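# Coordinates in review
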Amino acid sequence: SAEKKKAIMAEKIMKIMKETNDSKELKASPTIRTYNAIIRCCAFNRGSLDEKRAAFDIACKTLGELRDDENIVPDSYTYPSMFKSCELLLGTNKEGFDIVKDIFNKCCEDGMVDGLILKNLCNYKNLPRAVLSDMLKSNNPQTVRIATLPKEWSRNSNPVQRRRKI
């Protein structure tokens, strides 16, 4: 949507859900879809550089809360939305690329690297080839396949997607 400050509004909705659930007034616990929707909402936030940075901070905070939640784990939509947030909200500087690397490392830790992740990274606008090569540990990142990556990187991803060639 074209709604301004939608990332802030989404964050407020999450807070209300958690408070309502904690108070036992109504069962309104966030689900993986809630977390993913907030991250995706942040990705498409429009506005000034400060507003984009605030939206990105909300996306990162939401990913952190998701990873800390003992009852919910990232799914095949979580990290693609997070990388889209990086692409649309971060600058094209070393700091931004370091953040992309950090998020990729989290994706690897969670075992969620799949064909969609590889495709998103290869299509990421302005991501230097050297950064991508470093992340994927390959001199030719465009030819990397899931089967050639460490198995622990994709241990929790969809097995059908793991067979796809990028």
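Provided above is the structure to which this section pertains.
First things first, this report covers the structure right here in the doc. (Residues numbered from 1 in each chain as written. Predicted model: local features only at pLDDT ≥ 70, side-chain atom pairs only at ≥ 80, totals over all residues. Heavy atoms only, no water.)

## Describing the overall build of the chain
On a plain count of helices and strands, the chain comes out with eight helices and zero strands. Beginning at the N terminus, the succession of helices and strands in the chain can be written as α-α-α-α-α-α-α-α. On C-alpha atoms alone, the chain measures out to a radius of gyration of 16 Å, which is about the 15 Å that the 2.2 N^0.38 rule sets for 166 residues. The dimensions of the chain, computed from C-alpha atoms along their principal axes, are 55 × 35 × 25 Å. Sorting the 166 residues of the chain into buried and exposed places 43% on the buried side. Residue pairs at least 24 apart in sequence account for 65% of intrachain contacts in the chain once pairs closer than 6 positions are excluded. For the chain, the computed accessible surface area is about 9700 Å², with 51% contributed by carbon and sulfur atoms. On the chain, the mean spot of the 30 positive side-chain charges and the mean spot of the 22 negative ones are 8 Å from each other. (Helix = DSSP H or I, 4+ residues; strand = E, 2+ residues; numbered from the N terminus. Rg over C-alpha atoms; globule rule 2.2 N^0.38 Å. Buried < 20%, exposed > 50% of the residue type's maximum accessible area, 1.4 Å probe, protein only. Contact = heavy atoms within 4.5 Å. Areas by Shrake-Rupley, 256 points an atom, 1.4 Å probe, with all protein chains shown as cover. Lys, Arg positive; Asp, Glu negative; His and termini not counted. Charge placed at Lys NZ, Arg CZ, Asp CG, Glu CD.)

## Considering the packing of aromatic side chains
One pass over the structure, following the stated rule, counts one aromatic pair. Geometrically, the ring pair formed by Phe104 and Trp153 is edge-to-face, given 5.5 Å between the ring centres and 90 degrees between the ring planes. Of this pair, Phe104 sits in helix α5 (residues 94-109) while Trp153 sits in the loop between α7 (129-136) and α8 (159-162), placing them 49 residues apart in sequence. As far as the burial class goes, Phe104 and Trp153 line up, both buried. (Phe/Tyr/Trp six-rings, centres within 6.5 Å; stacked < 30°, edge-to-face > 60°.)

## Describing the nonpolar core
Among the nonpolar cores identified, the biggest contains 45 residues, and Val100, Phe104, Val113 and Leu121 are the most heavily contacted of them. Looking at this core, the elements with two or more residues in it are α1 (6-22), α2 (32-43), α3 (49-68), α4 (78-89), α5, α6 (115-123) and α7. No other element matches α5, which puts seven residues into this core. With near-sequence residues (within four places) excluded, Leu121 lies in contact with Phe83, Val100, Phe104, Leu127, Leu132 and Met135. (Core = buried A, V, L, I, M, F, W, Y, C linked by side-chain atoms within 4.5 Å.)

## Some thoughts on the state of the cysteines
With the rule as written, the count across this model stands at zero disulfides. Distance from the sulfur of Cys42, which forms no disulfide, to the nearest cysteine sulfur (Cys41) is 5.6 Å. (Disulfide = S-S within 2.5 Å.)

## A short note on the pattern of salt bridges
Applying the stated criterion across every chain, the model contains eleven salt bridges. When the shortest N-O distance is used, the salt bridge between Glu109 and Arg67 registers 3.0 Å. Here the residue Glu109 occupies a position in helix α5, and Arg67 occupies one in helix α3, the gap between them amounting to 42 residues. One salt-bridge network, held together by shared partners, links Arg53, Asp57 and Glu95. (Salt bridge = Lys/Arg side-chain N within 4 Å of Asp/Glu carboxyl O.)

## Re unusual backbone geometry
The backbone of Asn126 sits at a positive phi, close to 65 degrees, despite the residue not being glycine. Following the sequence through the fold, Asn126 ends up in the loop between α6 and α7. Even without being glycine, Lys137 reaches a positive phi, approximately 55 degrees. Along the chain, Lys137 turns up in the loop between α7 and α8.

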